[in-house]
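# Working through the structure, step by step
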Amino acid sequence: MKKKKTIIKPQKTFSFDDIREIWAYKDLLYYFTWRDIKVRYKQTAIGVLWALIQPVSTMIIFSVVFGNFAKIPSDGIPYPIFVYTGLLLWQFFSSSLGAVTSCLVGNQSIITKVYFPRLIIPLSATLTNLVDFAIASVILIIMMFYYGYVPNLLGILILPLLVLISFLAAFGIGLFFASLNVRYRDVRYALPFVMRIMMYVTPVIYPASMVGKYSKILAINPMTGVIKAARAALLGNAPINWLLLIISTAACMILVFFGLIYFKKTERIFADIV
Amino acid sequence: MTTPIIKINNISKKYDITHQQGGYVALRDVITNAFKNPLKFAKHKAKKVLGRISKEEFWALKDINLTINKGEVIGIIGSNGAGKSTLLKILSQITFPTTGEIEINGRVASLLEVGTGFHPELTGRENIFLNGAIIGMTTKEIIKKFDQIIEFAGVQKFIDTPVKRYSSGMYVRLAFSVAAHMEPDVLLVDEVLAVGDTAFQKKCLGKMDEVTKTAGRTILFVSHNMEAVKNLCHKCVLLENGEIKMFDETEKVITRYLQNNPLTQDNTLKKRRDRKGGEKIRLTSFHVEDHDGKKVDAIRFGGKYSFCFGYESLDNQPINNLGCAFSINKDSNQLVFNWTKHTKQSFDAPPKGILKCQLKQKMPLGEGLYDLAVNLWAGDERVDYIHNLLTFEIKKGDFYNNGVYIKSPVHLEQDWSLNTG
């Protein structure tokens, strides 16, 4: 076996060694994710169906309230499928962000007892939600059949990229909140409230075309570009806005970068203050 | 040939006590405080900004230098709060040192607790894989060792049962078994053998012994169990207040350690960090008196004693319904005396003082090492708690003052009478 050499020093910043280390611990990443999925639906009667119930029921309520009563326009697309496309990505983003924020505190008994690259925990928290996202996507496919939408080839190719952007955005912001949450537990209480506001400034229940000239500002919120592009790709209501998507990608890269720096900076005191 | 596998250079670790006190800071508390007492709050904030509040610093470790060779089994002993666990936590990279550097040549695994990450809902089989991965084994290794692990733990029948249905003994056996089958170059062990029954403890010690002898593994072993240290370790480190006092052959170090009498040592309770609470009211000292009120330096089987607990209220306010309760463990794992809420007496107490508990009976506990855990209550709220306040020795004693030294783990004073007819 290869000899491993460890140097323990007071300071530690983010470096490519971290990525190598995470790779070495990939089994653990798998087990953490597997544990969370397994435990989540254990001792529930309908199990994994819960991953469907939440987005579907929200979609129905929104369709009735915003589509039928408030008559919010939806670029000529049937409102249920319009809102479900947005909701699906939004809920992936928001529940991942919530999970990442509380992941360090939730795993404190492990953090204070054994060493492993700490980044594994937020990574697995996001991956767990990716599985729920995949399950809920089945409904979208069914709806597309029902309403007779056929995505174009480019649309299908761009989808993984959109999921990746959402993933990184949740992960990046989450790293920042997770580190903050170790010190100030207020974050956990403030987050759901902030997320609710965020949902209304993201074009989930209304089309981005409604916002008009402010849409460039909205694009800094990475989820705006993602949801717009997803609708364009799947439902073909508008051409894909590449500029918007590039802004979103850049914004999310910056978030991940600063999230990582802040996470690594506070990492060494997690065990002391958690 | 001996080669250093661990080189510790000038390691120190500092904690800010003010930082630790609040448990965790919530904005909510800050706001309620501000409303309750706006003047005081403003003054406090101003002082904080100006840097007038001196943060209490606490050096858990000071300038530790140590070189350990491959294949050595080193015991780390010392009284509570001496820095043993902090040293192990730094070596296992859970927390980082404030200064200094450590070089380790090889794969390190730490066992600060058995069953880290065990999830009650998962089955034994699933937990073996999860726990194995957490302590740094790869899936391949776990699969290779799987049969050995369940055999050593003796849980074959229940391997597909969720561990929440396991007895506590089975749980611990399975957890230790996973840890015992990993193959690191350096193994760090902290007090984990304090759990489980004696038979299993022996089995674990045997396993660890076997592992070092055959595989040439290096082990650092923290324990209060002097027997285990003696059996397992060639050499020992004695830590005292964060410094290495001695590093020598096990026998010599243990002798030296036992000469230190915790009952007469200066009480450093005020600064102890291994407490739960202590924000408003804190335990500050502990000593033992005889019934004439004189401090004693040794406790004997059959003697009459009072336990005295010093406390203080940090905001200098009188305390309503202050009460104290304690429990005693033998050999750090066997509960021999426990507090109950019903025996708790409480007092409306001044901000600072000593709560004295006179033991009515003669000391009924026999020769041995005991740990004391103490709870401090104000009304129904537990304000301070130190789990491992100190380890003390009860020496053999002449129970009835008749020259006979009774040899039993407990003795109850008796009064016999004869009823006829």
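Note that the structure is a prediction, hence the values are computed from the model and not measured. (Residues numbered from 1 in each chain as written. Chains lettered and ligands numbered in written order. Predicted model: local features only at pLDDT ≥ 70, side-chain atom pairs only at ≥ 80, totals over all residues. Heavy atoms only, no water.)

## With respect to the sheet that holds strand β9 (residues 243-249) of chain B
Residues and elements named next belong to chain B.
- Reading across from one edge, β5-β6-β7-β3-β8-β9 is the order of the six strands in this open sheet, with mixed pairing throughout. In this open sheet, the two strands that pair with only one neighbour each are β5 (108-111) and β9. On average, each strand axis in the sheet is inclined to that of its neighbour by 15°, with strand direction left out of account.
- Judged from the four bridges that link them, strand β3 (residues 73-77) and strand β8 (residues 235-240) form a sheet pairing that is parallel. Paired with I74 across the two strands is K235, which belongs to β8.
- Lying over the sheet, helix α4 (residues 84-91) contacts β3, β5, β6 (186-190), β7 (218-222) and β8, oriented at roughly 145° with respect to β6.
- Running at roughly 135° to β9, helix α10 (residues 250-259) makes contact with β3, β8 and β9 of the sheet. (Pairing = 2+ DSSP bridges. Helix = DSSP H or I, 4+ residues; strand = E, 2+ residues; numbered from the N terminus. Axes fitted to C-alpha atoms, helices over the stretch in contact; angles between N-to-C directions. Contact = heavy atoms within 4.5 Å.)

## A short note on the interface of chain A and chain B
- Tallying the contact residues gives 37 residues for chain A and 48 residues for chain B.
- Among the residues of chain A in contact with chain B, A:I8, A:Y31 and A:K113 are the three that bury the most area, contributing 18% of the side total.
- Between chain A and chain B we count two salt bridges in total.
- One salt bridge connects A:K38 with B:E126, and the closest N-O pair in it is separated by 2.7 Å.
- Linking chain A with chain B are four residue pairs in polar contact (both at pLDDT 80 or more).
- Mapped by element, the contributors of at least two residues to the side of chain A that touches chain B are β1 (5-8), α2 (26-40), α5 (108-111) and α12 (270-273) of chain A.
- With eight residues, α2(A) is the largest single contributor of residues to the side of chain A that touches chain B. (Buried area = accessible area lost by both parts, 1.4 Å probe. Salt bridge = Lys/Arg side-chain N within 4 Å of Asp/Glu carboxyl O. Polar contact = N/O pair within 3.5 Å; in protein donor to acceptor, adjacent residues only side chain to side chain.)

## Some thoughts on the domain arrangement of chain B
- Under the domain assignment used here, chain B contains domain 1 (59-259) and domain 2 (269-395).
- On a C-alpha basis, the centres of domain 1 of chain B and domain 2 of chain B stand 30 Å from each other. (Domains from an automatic or database assignment.)

## Describing the packing of helix α3 (residues 50-69) of chain A against helix α6 (residues 120-147) of chain A
Residue and element names in this part refer to chain A.
- Here α3 crosses α6 at 50°, and the two axes come no closer than 8 Å. The orientation of α3 with respect to α6, classified from their angle, is oblique. Handedness of the crossing formed by α3 with α6: right-handed. Mapping the contact onto sequence places A51, L52, P55, V56 and M59 in α3 and D132, I135, A136, I139 and M143 in α6.
- Residues that form the contact of α3 with α6 fall into these classes: nine nonpolar, no polar and one charged. (Parallel < 35°, antiparallel > 145°, perpendicular 65-115°, else oblique. Left-handed = near helix turned anticlockwise from the far one by under 90°. Nonpolar A, V, L, I, M, F, W, Y, C, P; charged D, E, K, R; others polar.)

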